[in-house]
Amino acid sequence: MLYRSVLRPLLFRLPPETAHEMVLHALAVALKDGSLRQLIARRYHRSAFGLRCFGLSFANPVGLAAGFDKNGTGAQALAAFGFGFIEVGTVTHTAQPGNPRPRLFRLPLDRALINRAGFNNDGAAALASHLKTHRPDCVLGINIGKSRAVEIEDAIPDYLASFDLVYELADYIAVNVSSPNTPHLRELQQADRLGALLGALQERNRELAAREGRAPVPLLVKISPDLNIGEVEMIVGVAERTDISGIIATNTTTSRGELRHTPRSNVTACGEGGLSGVPLRARSTEVVAALYRLTGGKLPIIGVGGIFNAADAWEKITAGASLVQLYTGFVYQGVEIVRDINDGLMKILDQSGFRSLTEAVGSRARELAAA
Ligand SMILES: Cc1cc2nc3c(=O)[nH]c(=O)nc-3n(C[C@H](O)[C@H](O)[C@H](O)COP(=O)(O)O)c2cc1C
């Protein structure tokens with residue numbers, strides 16, 4: 001409540017990226033102290049779900065999506081607000097500035113954002129060195145992407161270099177091939193290219209695991225909502241062949257078709273970029289449901305896109321998601337969104353007749369895939 005009535009109006013007066021940086025910095029500084037984080041965590045933490053997914057235990061199904069904390073500097077503080085998992089990144093092999101500003105825009109009438117950040121980040125080594133001493137108290141995903149300066153043909157060694165730097169610290173690694181803001185990146189979703197990339201990463205994963213006598217780290221791939229059903233089917237084939245642990249669906253969309261309330265001229269003024277938030281919700285749910293049906297429910301899916309409340313999260317779960325993530329909802333609703341969704345999910349679950357969230361996963365996939 002405090003966020004929506006007091007803080008958000010103040011933050012929304014600032015340029016979006018300035019507000020974002022201020023919040024992230026303020027949280028990291030204010031919650032540097034472990035005992036304060038614990039105090040907050042006691043208020044926000046929810047762990048009654050007892051979920052297991054790709055070999056990991058999750059206190060609850062609500063995660064922070066990639067892009068919010070690209071360098072992992074706020075991960076410890078953010079975890080105190082009750083996230084079941086946090087995905088940091090996207091990081092690239094070396095630091096890069098991203099696209100020129102302004103590159104992040106609010107569309108409050110549609111409860112949406114448009115961004116063309118372009119993987120601004122301090123590089124995989126900086127992320128790793130920070131996380132070594134500042135690990136969040138929840139499952140930690142690390143999202144890796146292609147450096148802008150690297151040609152698409154040379155993407156594999158570039159991803160491998162990032163993988164090598166972060167794999168020791170990550171509970172899972174997400175391979176981002178779906179951001180619309182790095183030229184040609186989404187071509188890595190084509191069957192031959194994706195097969196080669198994921199195959200190479202898995203080979204390195206197994207090598208490192210064997211050398212260190214541990215299990216390979218779960219490798220997930222994050223896909224775009226702008227794929228057709230044939231392309232989704234092809235990605236499922238590649239994921240199965242390369243023994244990927246799960247699929248994250250979805251990234252932002254380049255489509256503007258679902259923006260119903262923002263004047264056209266305002267939309268045009270934002271320029272290119274990926275759209276997130278409410279206008280993305282139905283499409284990402286559709287992709288989750290299609291994935292669930294194509295994999296026969298055997299491959300865990302993380303559902304992300306337009307989740308603002310427990311009903312939205314439940315929709316993704318019943319479409320086929322074992323876990324959910326959010327970004328834009330966090331910007332509009334504030335930190336309480338995590339607790340609200342978890343408490344709301346508990347209530348929905350109680351009334352649903354299912355004994356656990358896991359049992360509800362995919363229960364409406366047929367209907368939602370066809371929607
Ligand atoms: C400003 C911004 C930056 C993002 N950066 C990344 C990123 O670096 N890597 C990534 O995989 N996804 C990134 N995303 C996509 C989100 O992780 C998420 O997939 C998408 O926004 C849909 O979820 P939402 O509707 O809850 O925001 C970004 C999204 C936003 C709004």
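These lines cover the structure that appears in this document, whether it is placed above or below. Since we're looking at a predicted model, the values are computed, not measured.

### Section: the pairing of strand S4 (residues 85-91)
In summary, the side chains of a regular strand alternate between the two faces of the sheet. Most of S4 is tucked away, with 7 of its 7 residues classed as buried. Of the strand pairs in this sheet, strand S3 (residues 62-64) and S4 are connected by 2 bridges, and their pairing is parallel. When the sheet's bridge partners are listed, Gly63 is paired in S4 with Phe85. Bridging between S4 and strand S7 (residues 139-144) involves 6 bridges; their strand directions are parallel. Bridge pairing links Val91 to Ile144 in S7.

### Side note on the pairing of strand S5 (residues 104-107)
Side chains Leu104 and Arg106 of S5 all project onto a buried face; the interleaved residues Phe105 and Leu107 project onto the opposite face, where all are buried too. Connecting the antiparallel pair S5 and strand S6 (residues 112-115) is a turn made up of 4 residues, with Arg111 showing a positive phi of about 50 degrees.

### Examining the pattern of salt bridges
Within this structure, the stated rule accounts for 18 salt bridges. Where Glu315 meets Arg281, a salt bridge forms, and the shortest distance between an N and an O atom there is 3.2 Å. One end of the pair, Glu315, is in helix H11 (residues 310-319); the other, Arg281, is in helix H10 (residues 281-295), with 34 residues separating them in the sequence. What makes Arg281 partly exposed here is its relative accessible area of 27%. Through salt bridges with shared partners, a single network forms among Glu17, Glu21, Arg101 and Arg103.

### Overview of the environment of Gly320
Structurally, Gly320 is set in the loop between H11 and strand S13 (323-326). According to the relative accessible area criterion, Gly320 is buried, its value standing at 2%. Along the sequence, Gly320 and Thr250 sit 70 residues apart, while their C-alpha atoms lie 13 Å from each other. In contact with Gly320, other than residues within four places in its own chain, are Val288, Tyr292, Ile301, Val361 and Gly362.

### Overview of the side chain of Asn121
Among the secondary structure elements, Asn121 is positioned in the loop between S6 and helix H5 (124-133). For Asn121, a relative accessible area of 3% translates into the label buried. Engagement of the side chain of Asn121 in a polar contact is seen with the backbone oxygen of Phe119, the distance being 3.0 Å. Those residues within four positions of Asn121 in sequence are excluded, and the remaining contacts are Asn71, Thr90, Val91, Thr92, Thr94, Ala95 and Gln96.

### Quick look at the packing of H11 against helix H13 (residues 336-352)
Where H11 meets H13, the axes come as close as 8 Å, and the angle between the chain directions of the two elements is 60 degrees. The angle between the axes of H11 and H13 places the two elements in the oblique class. Seen along the crossing, H11 lies across H13 with a hand that is right-handed. Counting all contacts with H11, which are made through Ala310, Ala311, Ala313, Trp314 and Ile317, the residues of H13 involved are Asp340, Ile341, Gly344, Leu345, Ile348, Leu349 and Ser352.

### A look at the sheet that holds strand S11 (residues 274-277)
Hydrogen bonding along the main chain pairs the strands of a sheet, whether they run parallel or antiparallel. In space, the 3 strands of this open sheet follow the order S5-S6-S11, with antiparallel pairing throughout. The outermost strands of the open sheet, each flanked by one partner alone, are S5 and S11. If you compare each strand with its neighbour and ignore which way they point, the axes differ by 20 degrees on average. Two strands pair when backbone bridges link them, and S6 and S11 are joined in this way by 4 bridges, in the antiparallel orientation. Residue pairing for S11: Asn115 is matched across the bridge by Gly274.

### Re the packing of aromatic side chains
In this structure the tally under the stated criterion is 12 aromatic pairs. With centroids separated by 5.2 Å and ring planes inclined at 70 degrees, the aromatic side chains of Tyr44 and Phe81 adopt a geometry described as edge-to-face. Highlighted residues: Tyr44 in helix H3 (residues 34-44) and Phe81 in the loop between helix H4 (75-79) and S4, separated in sequence by 37 residues. Feature note: the residues Phe54, Phe58, Phe85 and Tyr172 constitute an aromatic cluster, connected by ring pairs.

### Here's the deal with H5
Each full turn of the α-helix corresponds to 3.6 residues, which orients residues three or four apart in the same direction. Residues of H5 that are buried include every one of Ala124, Leu127, Ala128 and Leu131, and no others. All buried residues of H5 lie within an arc of 95 degrees about the axis, which places them on one face of the element. Contacts from the buried residues of H5 go to S4, S7 and helix H6 (155-166).

Rules used in this analysis
Residues numbered from 1 in each chain as written. Predicted model: local features only at pLDDT ≥ 70, side-chain atom pairs only at ≥ 80, totals over all residues. Heavy atoms only, no water. Buried < 20%, exposed > 50% of the residue type's maximum accessible area, 1.4 Å probe, protein only. Helix = DSSP H or I, 4+ residues; strand = E, 2+ residues; numbered from the N terminus. Pairing = 2+ DSSP bridges. Salt bridge = Lys/Arg side-chain N within 4 Å of Asp/Glu carboxyl O. Contact = heavy atoms within 4.5 Å. Polar contact = N/O pair within 3.5 Å; in protein donor to acceptor, adjacent residues only side chain to side chain. Axes fitted to C-alpha atoms, helices over the stretch in contact; angles between N-to-C directions. Parallel < 35°, antiparallel > 145°, perpendicular 65-115°, else oblique. Left-handed = near helix turned anticlockwise from the far one by under 90°. Phe/Tyr/Trp six-rings, centres within 6.5 Å; stacked < 30°, edge-to-face > 60°. Arc of directions from axis to C-beta.

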